[in-house]
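Geometric and topological summary
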Amino acid sequence: MIETKKLTKNFGSLVAVSNLDLYIGAGDIFGFIGPNGAGKTTTMRILVTLLEPTSGEAFIDGLDISKHGKDVRRRVGYMPDFMGVYDDLKVFEYLEFFAAAFGIEYRKRKAIVDGVLELTDLVSKRGAPVDSLSRGMQQRLGLARVLIHDPKVLILDEPASGLDPRARIEMRELLRELKRMGKTIMVSSHILSELEEICDRIGIIEHGQFVFSGSMEEIRPRLGIQSKVRVKVLGDPAPAVEMLSALPQIQKVETTGDYLSVTFCEGEKTDGIIARTLVSGGVDLVYLQPEQLKLDDAFLQLTKGIVH
Amino acid sequence: MRGDTTYGSFMQKVPAINLFQCLNPLRLAGPIFDKELRVASRRRRLYVLRFGYVALLVLLFLRLWFLMLRSGQAGGGVFQVSRLGELGKGIVLAVLWLQFLSGQILAAVLLSDAIGAEVRQRTLDVLFVTPIRSLQIVMGKLLSKLLQLVSLLAISLPVLAVVRVFGGVPWGSVIAGLCVTLSASLFGGALSLLLSISSRHFYHAVLTVGLSFIVIWGLVPLVLGHLASAQCIAGTTVTFLLGLTNPFVVMADLTRGILTGVGGMGLSAAWPRHCLFLLGSAGILLAWSDWRVRRIALRVAPLRVPETTTEAGARHWGAPRAIRPVTGSPIVWKERCRPLF
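Residues numbered from 1 in each chain as written. Chains lettered and ligands numbered in written order. Predicted model: local features only at pLDDT ≥ 70, side-chain atom pairs only at ≥ 80, totals over all residues.

Further remarks concern the overall build of chain A. A tally of regular secondary structure across chain A gives 11 helices and 14 strands. Structurally, chain A occupies a C-alpha span of about 75 × 50 × 30 Å along its principal axes. With 308 residues in all, chain A has 42% of them scored as buried. For chain A, the share of sequence-separated contacts (at least 6 apart) that also reach a separation of at least 24 residues comes to 68%. (Helix = DSSP H or I, 4+ residues; strand = E, 2+ residues; numbered from the N terminus. Buried ≥ 20, exposed ≤ 12 C-beta atoms within 10 Å, placed from the backbone. Contact = placed C-beta atoms within 7 Å.)

Here it is in structure tokens:
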């Protein structure tokens, strides 16, 4: 649905995006991550035809953005990181204005606007002035605006920035709902745990280039990180340490407080071997949890914090 | 919360535009026109302007009326009727000049923040991800503000119609005056709109329009007059050029025509040509605005990129400057660092 080939954007001597190859399949949620100034917003603005690439190609729904700008804009909904609003318009009027901008017929506008208000849970704010809305409400209004012409692709730049925890959870639920509706979503965020929960794939960009692109499962081998499991047993942990250390699949066992941290050899799976060994050895196992690689950790390991 | 929405079922394919819709003049302005009118009706400024204009009109009318009364009641019926005609001329001229001056000033003020506000509020890029074209933004802004202006100027039309009963002023002169006023206002508005694209504050655009008017309508005729007196250029050529380009000259000539009953410099019949010239000039300014709006929308993008790293920034700032230490009051230091203009 979204594809770029050797996409490059220079601002004078500054290379904002460099030979970026990106592919996002239909119906996917793609998390776009990177330090400030890495080129995320520039890439997004190129995709929504607000910037022309210096070189390379970009396609939305098979359409070349350089040649079919108007058609691309009908297929894409873009929500910038900072959304300006018109002071003197009410919520309904604001959305109706954008419906008109997308050429939606007058007699259909009311129903469409009511639909997106319902979807974004803004029905109660229908007649409220736009500038009286809270930050969270304005973000939702931005999303409602983006949805007004029923685009296939949503490009959302930091949609959760500045939102309180409740608003962030609601935004996340809304994105899941949109995915269920079949939308392809490209979303950038600095709140990495948010992306971790909702994204099918992520791309980590730095200095205008991808340092990683793939699923969360693909990051671990990319970083050369072995699987780890946290274990807690009842009573003295020493026998458990002895039993697990003897296993050929296990590289090392460390005691951290009440817990044991078990590191597997590279490429080994964690399937049940620990539980089977401990239970058969007469140890009372009370806790066993594979350690998840956090996106924050992957981000820190993959990026160097280079700023233009 | 949102699970049970009917949103998707409402979505329809955007219909193709038929020939009738293409010919609709409002389509040129698009939804911007509608939005601007809606927003304007909620701004107190519009009502203050209307009140101020009507108050000025009434004061002018009363002033002329009392001047007439003070000049004496003596004389026969024929004399009194002729005095009414003179009063009619005075009122018509006063209203025409009021419209002419206020029209240009108001057009410049109303359009001075037209595009600048969009840039400042960061709404321009949101508009550009819709199928709206930059021409629609420019025309939508211009036509909506001009409609406000015309509705303001139209307040004085009943006065002109009533005063016409007194006699002494031909309809042709009134219409000519209105046309010159409208074309000059359109030109001023188009210039203000163009300047608003790059102005950070509305008053920058207003001041620049004022300065431009002083140069175009004031200094250029002076220079041409000087050249004519020095016989560097023929007097008829100067008259022709001024009649073509300068609305003040055309209005002055119309005034002379109304007062004396004959054409002053022989330009009275040339006002349609002058109006066409101003309309054409306004068209060029609007085309330029259309081009610049698109460019400025795209330039909003690299806001986070330090300006000195961009080509435009490098041109603007030249070579990177040394870091200046803060000396004395930090507020004074900061203000000193800001460019004067």
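From this point, the discussion proceeds with the structure in view.
This part covers the sheet that holds strand S4 (residues 55-60) of chain A. The strands making up a sheet are joined through hydrogen bonds of the backbone, oriented either antiparallel or parallel. Residues and elements named next belong to chain A. Taken in spatial order, the four strands make up an open sheet running S2-S1-S4-S5, and their pairing is antiparallel. Each end of this open sheet is capped by a strand with a single partner; those strands are strand S2 (14-24) and strand S5 (63-64). In this fold helix H1 (residues 40-47) packs onto strand S1 (2-11), S2 and S4, with an angle of close to 115 degrees to the strand it touches most, S1. (Pairing = 2+ DSSP bridges. Axes fitted to C-alpha atoms, helices over the stretch in contact; angles between N-to-C directions.)

It is worth spelling out H1(A) at this point. Residue and element names in this part refer to chain A. Most of H1 sits out of view: eight of its eight residues are buried. Buried within H1 we find Lys40, Thr41, Thr42, Thr43, Met44, Arg45, Ile46 and Leu47. Remark: Thr49 follows H1 within two positions and exhibits a positive phi of approximately 70 degrees.

Within the largest apolar cluster, 138 residues are counted, with the highest numbers of intra-cluster contacts made by Ile155(A) and Ala190(B). With 14 residues, helix H10 (residues 171-198) of chain B is the largest single contributor of residues to this core. Beyond its immediate stretch of four places on either side in the chain, Ala190(B) contacts Leu142(B), Ala282(B), Leu285(B) and Leu286(B). One finds Ala240(A), Val253(A), Phe264(A) and Ile274(A) within the second-largest nonpolar core, a separate group that totals 12 residues. (Core = buried A, V, L, I, M, F, W, Y, C linked by C-beta atoms within 7 Å.)

Within the element layout of this structure, Ala190(B) appears in helix H10. For the pair Ala190(B) and Leu57(B), spaced 133 residues apart in sequence, the C-alpha to C-alpha distance is 26 Å.

Another aspect to go through is the sheet that holds strand S3 (residues 29-33) of chain A. Residue and element names in this part refer to chain A. Taking strand neighbours across the sheet as the criterion, the six strands line up as S6-S7-S8-S3-S9-S10 in an open arrangement whose pairing is mixed. Among the strands making up the open sheet, the edge pair consists of strand S6 (76-79) and strand S10 (209-214). Recorded for the sheet is a direction-independent mean angle of 15 degrees between the axes of neighbouring strands. Here S6 pairs with strand S7 (residues 153-157) via four bridges, running parallel. Following the sheet pairing, Tyr78 is matched in S7 by Ile155. Its contacts with the sheet place H1 against S3, S7, strand S8 (184-188) and strand S9 (201-206), and it is angled at close to 150 degrees to S7.

As a further point, take the pairing of S8(A). Residues and elements named next belong to chain A. Burial analysis of S8 places five of its five residues in the buried class, the great majority of the element. Side chains Thr184, Met186 and Ser188 project from S8 onto one buried face, and the interleaved Ile185 and Val187 project onto a second face that is buried too. Pairing between S3 and S8: four bridges, direction parallel. By the bridge assignment for S8, Ile29 is matched with Ile185. For S7 and S8, the ladder comprises five bridges, and the chain directions are parallel. Counterpart to Leu154 in the pairing with S8 is Ile185. Handedness of the crossover joining S7 and S8 through helix H6 (residues 165-180): right-handed. (Right-handed = clockwise from strand over helix to strand, strands pointing away.)

Turning next to the packing of helix H11 (residues 202-229) of chain B against helix H12 (residues 235-245) of chain B. Residues and elements named next belong to chain B. Between H11 and H12, whose axes approach to 9 Å, the crossing angle comes to 165 degrees. Taken together, the axes of H11 and H12 lie roughly antiparallel to each other. Like other packed secondary-structure pairs, H11 and H12 cross with a definite hand, here left-handed. The residues of H12 that touch H11, namely those facing Pro221, Leu224, Gly225 and Ala228, are Gly235, Val238, Leu241 and Leu242. Grouping the constituent residues of the contact of H11 with H12 by class yields six nonpolar, two polar and no charged. (Parallel < 35°, antiparallel > 145°, perpendicular 65-115°, else oblique. Left-handed = near helix turned anticlockwise from the far one by under 90°. Nonpolar A, V, L, I, M, F, W, Y, C, P; charged D, E, K, R; others polar.)

Right, let's talk about the domain arrangement of chain A for a bit. Domain annotation of chain A identifies domain 1 (2-221) and domain 2 (226-292). Centre-to-centre, using C-alpha coordinates, domain 1 of chain A lies 43 Å away from domain 2 of chain A. (Domains from an automatic or database assignment.)

A word on the packing of helix H8 (residues 134-153) of chain B against H10(B). All names here are of chain B. Relative orientation of the contacting elements H8 and H10 amounts to 135 degrees, with a least axis distance of 11 Å. Looking at the two axes, H8 sits oblique to H10. Both H8 and H10 take part in a crossing whose hand is right-handed. For the pair H8 and H10, contact is made by Val138, Lys141, Leu142, Lys145, Leu146 and Leu149 and by Ser185, Leu186, Gly189, Ala190 and Leu193, respectively. Of the residues that constitute the contact of H8 with H10, the class distribution is seven nonpolar, two polar and two charged.

In this section: unusual backbone geometry. Residues and elements named next belong to chain A. The backbone of Lys6 shows a phi angle near 50 degrees, a positive value even though the residue is not glycine. As for its position among the elements, Lys6 is in strand S1. Lys6 gets classed as partly exposed once you count the C-beta atoms within 10 Å, which come to 13. Phi at Asp61 takes a positive value of approximately 55 degrees, unusual for a residue other than glycine. Following the sequence through the fold, Asp61 ends up in the loop between S4 and S5.

What follows concerns the environment of Gly85(B). Residues and elements named next belong to chain B. Tracing the backbone through its elements, the reader meets Gly85 in helix H5 (residues 77-110). A residue is classified by how many C-beta atoms lie within 10 Å of it, and Gly85, with 13 of them, is partly exposed. Spatially, the C-alpha atoms of Gly85 and Val169 are 7.9 Å apart, while their sequence positions differ by 84 residues.

As a further point, take the pairing of S1(A). Residue and element names in this part refer to chain A. Of the pairings in the sheet, the one linking S1 to S4 comprises five bridges and is antiparallel in character. When the sheet's bridge partners are listed, Glu3 is paired in S4 with Phe59. In this antiparallel pair of consecutive strands, S1 and S2, the connection spans two residues, and Gly12 shows a positive phi of 60 degrees.

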